[in-house]
Amino acid sequence: MLLDVTSFPGAILLMFFCTFLGPKYAGTDSDIDGASFYTPLPGEGGSGGDKINSDASLPAFEEAGHISKLTFWWLNSLMKKGGEKTLEDKDIPQLRREDRAEMCYLMFMEQLKNKQKKKQSSDSPSILLTIFLWQWKPILISGFFALIKVLTLSTGPLFLRAFILIAEGKETFKYEGYALTGGLFLTECLESLSERQWFFQTRLIGLQVRSFLSAAIYQKQLKLSNSERGTYSPGQILGFVTIDAYKIGEYPYWFHQIWSTSLQLCLALLIIYYSLGLVTIAALLVVILTVVANSPLGKLQHKYQKMLMETQDKRLKAFTEALTNMKILKLYAWEIHFKNVLERLRKDEFQWLLSILLQGLYVVQPGEKVAICGEVGSGKSTLLAAILGEVPYDNGLVQVHGKIAYVSQTAWIPTGTIQENILFGSAMDPYRYREAIEKCALVKDLEMLPFGDQNEIGERGVNLSCGQKQRVQLARALYQDADVYLPDDPFSAVDAHTATNLYNEYVMGALSAKTVILVTHQVDFLPVIDSVLLMSEGEILQAGTYDQMMHSSQEFQVDLVNAHNATVGSERKPEHDSTQKSKILKGEIQKIYTEEQLTETSGRQLIKKEEREMGDTGLKPYLQ
């Protein structure tokens, strides 16, 4: 398919024309004068001495031309100055007049008054609709850039298909390859420019909306009556400015993101249908099922977000009231009490915030390694049991995709040979079987046994050590070739050298492409883990990478890492009072014990086969 390359220059010119076709508040709206709406505070004086209202030095963005605004060339002077020296307040350019809070508030109030006059009603007009009528031109311009970005992004597969046809010798004309190369270059440039302008324009709209909302909230606060002040505390008002106004300012970006993503999905389905035909229906069904499967997570996240907002309001309210009445708190010595109240509210807020963040954490990607740490009895094994469905949970949702292999903390070994324990009913695959034995460091153990992997294991593995039973269990899980592995502290039953070897060969080697959720007390393994969960009293206190946890979590650093290092250091301390003679005696005793074990087990299995005789018994059984 040959794309119409000549349409791109026209699209670029159209973008240049539409980019900066917006309201020029400073020069075009002569009917609105900021001074007519603004009354200076006592002692402030006129605007002549106001540094902000001074137009002696205009911002570089306001003086920039169309090309400079499109390519952000106007930022070069500031970046160059920042490279030469440390920037100071005087080096930062002022905002444009239409971006300042005063002007934004005046423009919105003017729009609100005009709408109220046209409506001729005592009811207050819709704030949301007024914001849209005020910012409709910038919203349409940013939407145009979002549309250009989606269209140019969707042409990539079409270009690829055209290049494949050329490679197969199906050229439409002689220089089609050069034309497609030029068209692809222009498309990528157009995509990059439109995406940057889309982001910049929506952030600029958000800045103006936040500025006007902050000013409006401030003006409204000055007019509150005594009864209304009891309804809205200073903490709530502070939350309106710092949280709610910010989220409303982010809405223009996400508004375009919603429809542009839907349009991009539709275009992708059309391109797939054009290339593959009816197979597109299968892809569409997968998308629909994914959306339906994620809807419970969306509802859960909305619930957590609502609770987080409520806890934030409570904390801000208590914090503001404590600061306002600090003299009374000092007089009655209530500092410790209010400190405990604020810490409790902050902890509640952190728990809900962590619940929101962990929505993404539990969607573990294939090949990701997650470690669960904590003190004894903190709920690590219970969390794995909840993932397996063995433990009921009050709320939340657990979704596991693929086959699960679980390695329990206490090794479970049924009666049978070592080979039967590893295969566990699966068909014999010599390559996988050999890999499982090698990765679990069982080669030397099998060589020591008289019958190798055909050596029979007694009930609960009585003739194997704890470390051997644990490694047999790990080999059984590895041989199953599952998608998700849940090892519950598998290295606690082996020595430090074997644990390091198992971690490198088993977890990071054999399971490199698998998803692993590992419960461990071995802090030495955590730096290479993708994510670390710190648990205490059945709750996840904090989550992040090892470096993030070391810097942000006092419990992780002191109670876990430092305590582990101190324990390991004391264990590795050499015993100077031990003599060479005692070491020799210990070695001789161990050698004699090993020889006795081999002598006892050589030539016979632990479980004797039942004796049988064949032949005619005659009448002897009946006579007895």
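Structure shown above.
Predicted, not measured: the structure shown is a model, and the values here were computed from it. (Residues numbered from 1 in each chain as written. Predicted model: local features only at pLDDT ≥ 70, side-chain atom pairs only at ≥ 80, totals over all residues. Heavy atoms only, no water.)

Focus: the sheet that holds strand 8 (residues 539–544)
Pairing between the strands of a sheet comes from backbone hydrogen bonds, and it takes one of two forms, parallel or antiparallel. Strand order in the open sheet formed by six strands is 2-5-6-1-7-8, with mixed pairing between adjacent strands. Because the sheet does not close on itself, it has two edges, and the strands there are strand 2 (404–407) and strand 8. On average, adjacent strands in this sheet sit at an angle of 15 degrees to one another, irrespective of strand direction. On top of the sheet, helix 19 (residues 466–479) reaches strand 2 and strand 5 (484–487); it is set at about 180 degrees to strand 2, its chief contact. (Pairing = 2+ DSSP bridges. Helix = DSSP H or I, 4+ residues; strand = E, 2+ residues; numbered from the N terminus. Axes fitted to C-alpha atoms, helices over the stretch in contact; angles between N-to-C directions. Contact = heavy atoms within 4.5 Å.)

Some thoughts on the pattern of salt bridges
Once their charged atoms are close, side chains differing in charge can pair, the charge on each being opposite to the other. All chains considered together, the criterion is met by 14 salt bridges. A salt bridge links E335 to K330; its shortest N-O distance comes to 3.7 Å. A relative accessible area of 30% places E335 in the partly exposed class. We note a salt bridge from R434 to E438, for which the minimum N-O separation is 3.1 Å. On the criterion of helical spacing, the pair formed by R434 and E438 is a turn pair, its members being four residues apart in helix 17 (residues 430–439). Using a relative accessible area of 44% as the deciding quantity, one classes R434 as partly exposed. (Salt bridge = Lys/Arg side-chain N within 4 Å of Asp/Glu carboxyl O. Buried < 20%, exposed > 50% of the residue type's maximum accessible area, 1.4 Å probe, protein only.)

A short note on the nonpolar core
Counting residues in hydrophobic clusters, the biggest one holds 46 residues, and the most contacted among them are I422, Y485, F491, Y506, L526 and F556. Aside from chain neighbours lying at most four places away, what touches Y485 is A405, A477, L478, Y506, L511, K514, T515, V516 and I517. (Core = buried A, V, L, I, M, F, W, Y, C linked by side-chain atoms within 4.5 Å.)

Remarks on the environment of Q557
As for its placement among the helices and strands, Q557 is situated in helix 22 (residues 554–571). Along the chain, Q557 and Y546 lie eleven residues apart, while their C-alpha atoms are 9.9 Å from each other. Once you skip the residues sitting within four places of it in the chain, Q557 turns out to touch M550 and N562.

Here's the deal with the pairing of strand 2
A one-sided burial pattern is seen for strand 2, the buried positions being A405 and V407 and the unburied ones I404 and Y406. Relative to strand 5, strand 2 is paired through four bridges, and the arrangement is parallel. Each residue of the ladder has a partner; that of V407, found in strand 5, is P487.

Comments concerning the packing of helix 9 (residues 176–222) against helix 11 (residues 234–276)
Between helix 9 and helix 11, whose axes approach to 9 Å, the crossing angle comes to 150 degrees. Taken together, helix 9 and helix 11 sit at an angle that is classed as roughly antiparallel. With respect to the hand of their crossing, helix 9 and helix 11 are arranged in right-handed fashion. Tallied by class, the residues present in the contact of helix 9 with helix 11 amount to 14 nonpolar, eight polar and three charged. (Parallel < 35°, antiparallel > 145°, perpendicular 65-115°, else oblique. Left-handed = near helix turned anticlockwise from the far one by under 90°. Nonpolar A, V, L, I, M, F, W, Y, C, P; charged D, E, K, R; others polar.)

Remarks on the side chain of T520
If you trace the backbone, T520 turns up in the loop between strand 6 (515–519) and strand 7 (531–536). Owing to a relative accessible area of 3%, T520 belongs among the buried residues under this scheme. Of the polar contacts made by the side chain of T520, one reaches the backbone nitrogen of Q522; its length is 2.9 Å. Setting aside its immediate chain neighbours within four residues, T520 contacts A371, I372, C373, D489, F491 and L526. (Polar contact = N/O pair within 3.5 Å; in protein donor to acceptor, adjacent residues only side chain to side chain.)

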